[in-house]
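Results of the structural survey
Listed here are the chains, written in short residue letters.
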Amino acid sequence: MAMKVALLGCGVVGAEVVRLVDQQASELAARVGTPLEIGGIAVRRLGRDRGTGVDPQLFTTDATELVTRPDIDLVIEVIGGIEPARSLILEAVKAGKSVVTANKALLAEDGATLLSAAREAGVDIYYEAAVAGAIPLLRPLRDSLAGDRVNRVLGIVNGTTNFILDRMDSQGAGFAESLEEAQTLGYAEADPTADVEGFDAAAKAAILARLAFHTQHVTAADVHREGITEVSAGDIASAREMGCVVKLLAICQRTPDGDSVGVRVHPVMLPREHPLAAVTEAYNAVFVEAESAGRLMFYGPGAGGVPTAGAVLGDLVAVARNRLAGTSAGEGGHDTGLPVHPMGETVTRYHISLDVADRPGVLARVAEVFSEMGVSIKNVRQEGSGEDAQLVLVSHIAPDSALAETVERLRGLDMVRSVASVMRVEAFSEDA
């Protein structure tokens, strides 16, 4: 007897899920142990040509009725957003249905509630597609590394920003020009705010931190977030001179004492020898550092209808197998309770470019400010002269709050015309 699947949403990803379920029907049945069949598709409006080739009778606008129907076994949610997705998933779970979702925003905001409800109901919620599209990442973190201690996760988890920064680095294009190209190619939305301001990556960082460090209550609001709109051609050039490349990274890291975790998203200057530095175009990659497994990297396409639908189907097979076996993953039961480390206490390094007056004593006064804040300078160079004089400094590691205060004090010096740019510098963990 076939397992019936309810699909919530039939946009780019949903339509691709329908196509793959139909196209791979025999293979899916062999992998699961029983056929899978689309039992209904909930949409906002009927009558639109969705190109799915399915029976129009399967479409409904009553999503609640669909997810609670007695003949429905599994639910796929790809409508996105917080509501009504949250209510529909909770209704499905309450009715004993396992759920597959790609909803990063919802999981980042209220994943603990959803997973707790699923555990109590004895069903699954799987969400591989929510963070890195087709890349098999979340299940390895949750299952394969369950016996290991993950110390740090660095991720390029937004293809739009990676495409833009790659164009700025490889072709010398400006931010606006690179964004326009990303929109033309379909990598960026008409309103790219969620991508370029880091909101998308912050949601994914919250999910990664929860899985990597087994702490259930990290939300997107806990993630320090900065976007890429202020990244300039000068930043790209400075990074190149240092042997670095600029990337927007999601960084999830245990503190040295292991009592808390830092979760942040911001542009960084990353050494070109780091594996993530070679990730170009709109690709995603996540670099994991664990005590026993060492360094692992997961790489692949992070977005798009086909890759995302493929990840959804992988989860669908897993939850269907569990249902057939009468088991569930039961994620969310163990919580280490690790709190989120304040960004101000996070140890990092800064690259600072200052437009300065070209006169004696400027470097000495700037160095004095660093010293007053307890921040050591790793290297410094002067570029240009006269009206074009600029000091470029890279600090040693220090608390982020001390570095931020150093920058504010530098802004107050009469010999500093402006702080041209400030960017954090990342490295391999032992080099940090």
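Reference entry: report on the structure contained in this document. Note that the structure is a prediction, hence the values are computed from the model and not measured.

1. With respect to the overall build of the protein
What the protein contains, in helices and strands, is 15 helices and 17 strands. On C-alpha atoms alone, the protein measures out to a radius of gyration of 24 Å, which is about the 22 Å that the 2.2 N^0.38 rule sets for 432 residues. Dimensions of the protein, computed from C-alpha atoms along their principal axes, come out at roughly 85 × 45 × 35 Å. Expressed as a percentage of the 432 residues in the protein, the buried residues total 54%. By sequence separation, contacts in the protein at least 24 residues apart represent 73% of the contacts at least 6 residues apart. Seen as two clouds, the 38 positive and the 59 negative side-chain charges of the protein have centres 3 Å apart.

2. Some details on the sheet that holds strand 2 (residues 36-42)
Strand order in the open sheet made by the 6 strands is 3-2-1-4-5-6, with parallel pairing throughout. At either end of the open sheet lies a strand with only one pairing partner, and these are strand 3 (59-60) and strand 6 (125-126). Across 2 bridges, the pairing between strand 2 and strand 3 is parallel. In the strand pairing of strand 3, I41 is matched with F59. Where helix 4 (residues 85-94) meets the sheet, its contacts fall on strand 1 (3-8), strand 4 (74-77), strand 5 (98-101) and strand 6, and the angle it forms with strand 5 comes to roughly 150°.

3. Details of the nonpolar core
Within the largest apolar cluster, 77 residues are counted, with the highest numbers of intra-cluster contacts made by I125, Y127, L137, L141, V150 and L208. Considering each element in turn, this core owes the most residues, 11 residues, to helix 11 (residues 199-213). Residue contacts for I125: discarding those within four places in its chain leaves I89, V93, V99, T101, L114, L115, A118 and E331.

4. Some points on unusual backbone geometry
The omega torsion of the bond from E83 to P84 falls at 10°, within 30 degrees of zero and hence cis. Note on placement: P84 falls in the loop between strand 4 and helix 4. For H214, which is not a glycine, the phi torsion comes out positive at approximately 55°. Relative to the elements of secondary structure, H214 occurs in the loop between helix 11 and strand 8 (224-225). The exposure class of H214 is partly exposed, given its relative accessible area of 23%. Its identity is not glycine, yet E281 carries a phi of approximately 55°, on the positive side. Mapped onto the elements, E281 comes out in the loop between strand 10 (261-271) and strand 11 (283-290). Of the residues examined, E281 reaches a relative accessible area of 29% and is grouped as partly exposed.

5. Here we look at the pairing of strand 2
Extensive coverage of strand 2 is indicated by the burial of 6 of its 7 residues. As judged from the 6 bridges shared by strand 1 and strand 2, these two strands associate in the parallel manner. Within strand 2, the residue paired with M3 across the bridge is L36.

6. A short note on the pattern of salt bridges
On inspection of all chains with the given rule, the structure shows 33 salt bridges. The partner of R240 in a salt bridge is D169, and the shortest N-O contact between them spans 3.3 Å. With a gap of 71 residues between them, R240 in helix 12 (residues 233-241) and D169 in helix 8 (residues 159-170) connect regions that are remote in the sequence. Judged by relative accessible area, which is 14%, D169 ranks as buried. The salt bridge partner of E372 is R365, with a shortest N-O separation of 3.8 Å. Ionic contacts of the salt-bridge type, sharing partners, join the residues R365, E368, E372, E405 and R409 into one network.

7. Considering the pairing of strand 1
Across the 6 residues that make up strand 1, a large majority, 5, are buried. As paired elements, strand 1 and strand 4 share 4 bridges and run parallel to each other. Note on strand 4: the bridge partner recorded for A6 is V75.

8. Some details on a nonpolar patch on the surface
On the surface, a cluster of nonpolar side chains totalling about 280 Å² of accessible area is made up of Y283, M297 and Y299. Tracing the chain through its elements places Y299 in strand 12 (residues 294-301).

What counts, and where the lines are drawn
- Residues numbered from 1 in each chain as written.
- Predicted model: local features only at pLDDT ≥ 70, side-chain atom pairs only at ≥ 80, totals over all residues.
- Heavy atoms only, no water.
- Helix = DSSP H or I, 4+ residues; strand = E, 2+ residues; numbered from the N terminus.
- Rg over C-alpha atoms; globule rule 2.2 N^0.38 Å.
- Buried < 20%, exposed > 50% of the residue type's maximum accessible area, 1.4 Å probe, protein only.
- Contact = heavy atoms within 4.5 Å.
- Lys, Arg positive; Asp, Glu negative; His and termini not counted.
- Charge placed at Lys NZ, Arg CZ, Asp CG, Glu CD.
- Pairing = 2+ DSSP bridges.
- Axes fitted to C-alpha atoms, helices over the stretch in contact; angles between N-to-C directions.
- Core = buried A, V, L, I, M, F, W, Y, C linked by side-chain atoms within 4.5 Å.
- Salt bridge = Lys/Arg side-chain N within 4 Å of Asp/Glu carboxyl O.
- Patch = residues over 30% accessible without salt bridge, like charges linked within 9 Å, V, L, I, M, F, W, Y side chains within 5 Å.
- Areas by Shrake-Rupley, 256 points an atom, 1.4 Å probe, with all protein chains shown as cover.

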